[in-house]
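Residue-level listing of the chains:
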Amino acid sequence: MSESRHLPPSVVGALDVPETTSVASGNGLPEPTRVDLWCDPVCPWAWATARWLGEVDCHRPLDLRLRVMSLAVLNERKDDVSLRYRLLARHGSVPARLCIAAEQQHGPAALARLYPALARRFHQKPVQRGVTALRDALDEAQLPGELMHRAGSDAFDQALLASHQAARAAYGADVGTPLLRLRDAQDRTVTLFGPVLEHVPQGLDAVRAWDALTTLTQVDGFRELKRHRGSEPVLD
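Owing to the predicted nature of the structure, the values given are computational and were not obtained by experimental measurement. Each residue is numbered by its place in its chain's sequence as written, counting from 1. Predicted model: local features are reported for residues with pLDDT of at least 70 only, side-chain atom pairs are reported and counted for 80 or more only, and whole-chain, interface and lining totals are derived from all residues. Excluded from the side-chain calculation are hydrogens and water; included are all heavy atoms of the structure.

Draft legend 1. Just the pattern of salt bridges, in detail. What counts as a salt bridge is simple: a side-chain nitrogen of Lys or Arg found within 4 Å of a carboxyl oxygen of Asp or Glu. Applying the stated criterion to the full structure yields 10 salt bridges. Here R181 ties to D36 by a salt bridge, and the two come within 3.5 Å at their closest N and O atoms. In this pair, R181 is assigned in strand 3 (residues 179-183) and D36 in strand 1 (residues 33-39), connecting sequence segments 145 residues apart. Take R181 and D36: they sit in the same class, and that class is buried. Secondary structure counts use DSSP, requiring at least four H or I residues in a row for a helix and at least two E residues in a row for a strand, with both numbered from the N terminus. Relative accessibility thresholds used throughout: buried, under 20% of the residue-type maximum; exposed, over 50%; partly exposed, between the two (1.4 Å probe, protein chains only).

Draft legend 2. Here's a closer look at the side chain of D211. Inspection of the secondary structure assignment puts D211 in helix 9 (residues 203-217). What makes D211 buried here is its relative accessible area of 15%.

Draft legend 3. Representation of the confidence of the model for the protein chain in the model. A residue's pLDDT is simply how confident the predictor is in it, with values from 0 to 100. For the protein chain, the mean per-residue pLDDT works out to 84, and 80% of the residues sit at or above 70. The low-confidence segment residues 1-6 (pLDDT under 50) makes 22 contacts with residues lying over four places distant or belonging to another chain. Within the model, pLDDT remains below 50 along residues 8-23, and this stretch shows 26 contacts once partners closer than five positions in the same chain are excluded. Residue contacts are defined here by distance: any two heavy atoms, one from each residue, within 4.5 Å place the two residues in contact.

Draft legend 4. Representation of unusual backbone geometry in the model. A cis amide bond, omega -5°, links T177 with the succeeding residue P178. One can find P178 in the loop between helix 8 (157-171) and strand 3. A cis amide bond links G194 to the next residue, P195, at an omega of 5°. Structurally, P195 can be placed in the loop between strand 4 (189-193) and helix 9. Positive phi outside glycine occurs at Q142, with the angle close to 60°.

Draft legend 5. The packing of helix 4 (residues 93-106) against helix 5 (residues 108-123), seen in detail. Inter-axis angles, ranging from 0 to 180 degrees, are taken between N-to-C directions of lines fitted to C-alpha atoms, where helices are fitted over the stretch in contact. Two elements in contact, helix 4 and helix 5, have axes separated by 7 Å at closest approach and are oriented at 160°. Accordingly, the angle class assigned to the pair helix 4 and helix 5 is roughly antiparallel. Where helix 4 crosses over helix 5, the handedness of that crossing is right-handed. Contact residues: helix 4 offers P95, L98, C99, A102, E103 and H106, while helix 5 offers P108, A110, L111, L114, L118 and F122. Each angle is binned into one of four classes, with values under 35 degrees roughly parallel, values over 145 roughly antiparallel, values of 65 to 115 roughly perpendicular, and all other values oblique. The crossing is said to be left-handed when, going from far helix to near helix, the turn is anticlockwise and less than a right angle, and right-handed when the turn is clockwise.

Draft legend 6. Region of the structure containing helix 6 (residues 130-140). Taken together, the buried positions of helix 6 are occupied by A133, L134, A137 and L138. Buried residues of helix 6, viewed axially, fall in a sector of 135°; they line one side. Turned more than 90 degrees away from the buried face of helix 6 sit T132 and D139, all of them exposed. Elements that come into contact with the buried residues of helix 6 comprise helix 4, helix 5 and helix 7 (147-151). Two residues or fewer after helix 6 comes Q142, characterised by a positive phi angle close to 60°. Here, the arc refers to the directions that run from the helix axis to the C-beta atoms.

Draft legend 7. Structural detail: the packing of aromatic side chains. Note on ring pairs: Phe, Tyr and Trp rings are taken, using the six-membered ring of Trp, and paired if centres are within 6.5 Å. Classes follow the plane angle, with under 30 degrees stacked, over 60 edge-to-face and the rest tilted. All told, the structure shown has 2 aromatic pairs when counted by the stated rule. Considering the side-chain rings of W47 and Y115, the 5.7 Å spacing of their centres and the 75° angle between planes classify their relative orientation as edge-to-face. With W47 in helix 1 (residues 44-56) and Y115 in helix 5, this residue pair connects regions lying 68 residues apart in the sequence. By relative accessible area, which is 1% here, Y115 ends up buried. Seen from their ring centres, W52 and W210 are 6.1 Å apart, and the 50° between their planes marks the pair as tilted.

Draft legend 8. Geometry of a nonpolar patch on the surface. A residue counts toward a patch only above 30% relative accessible area and without a salt bridge, and it is joined to like-charged neighbours within 9 Å or, for Val, Leu, Ile, Met, Phe, Trp and Tyr, to nonpolar neighbours within 5 Å. Each accessible area is a Shrake-Rupley estimate made with a 1.4 Å probe; only the visible protein chains count as cover when residues are assessed. A cluster of nonpolar residues, Y171, F193 and V196, forms a patch on the protein surface that exposes about 240 Å² of accessible area. Look at F193 and you get partly exposed, because its relative accessible area is 37%.

Draft legend 9. Focus on the packing of helix 1 against helix 9. Between helix 1 and helix 9, the least distance of the axes is 9 Å, while the angle of their chain directions is 100°. Overall, the two elements helix 1 and helix 9 adopt an arrangement that is roughly perpendicular. Facing helix 1, whose interface residues are W52, L53, E55 and V56, helix 9 presents G203, A206, A209, W210 and L213. Ten residue types, Ala, Val, Leu, Ile, Met, Phe, Trp, Tyr, Cys and Pro, are classed as nonpolar, four, Asp, Glu, Lys and Arg, as charged, and the remainder, Gly among them, as polar. Counted by class, the contact of helix 1 with helix 9 contains 7 nonpolar, 1 polar and 1 charged residues.

What follows is the structure, encoded as structure tokens:
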């Protein structure tokens, strides 16, 4: 992955994982699959997908690049959103602003460090919220605390809106998180909402899910596959 990879590979046991067909680079190694992941740090589903991709990268070469979306922007004019989700999005506007401020001021690698530091605090026990969680995440990501002041203002709202609109342009008007855009060695792209995961697949299961997903994207005319979502993701 590039320097912007946001998750260190999980430590997993040796697995007999068959390799899928991939285009080789000039040195004979498989060409990494470019993956753009749009996410809002307050979205637990996006964090589950991000952790899954970190597991996949142990066995499939990925070039993973984080992008910022804002659930607050997404839902600001919607009337059919639950009160719980609306409050989640509203309170999440500052973390999304913090992420875009880090990216704009310190580059993609800074976002790659900050996003998981925030998401772990928001979605894994012991759950943390509020200013303390934001400051602790900045410390973990080795970023200056002055970014908090930028995140509390509208200084980077245009950059956040541009990143959000890029997701909408890639997918369509009914965009949401997590959003994946895959790009192969032939520069062919496909943009997907999801996968939505209640548990983070590990090891061979993670690779099977990746191989199944990428196989489906190669089928002309494939558009949608969905199951009922019954509970919040388990992320501990």
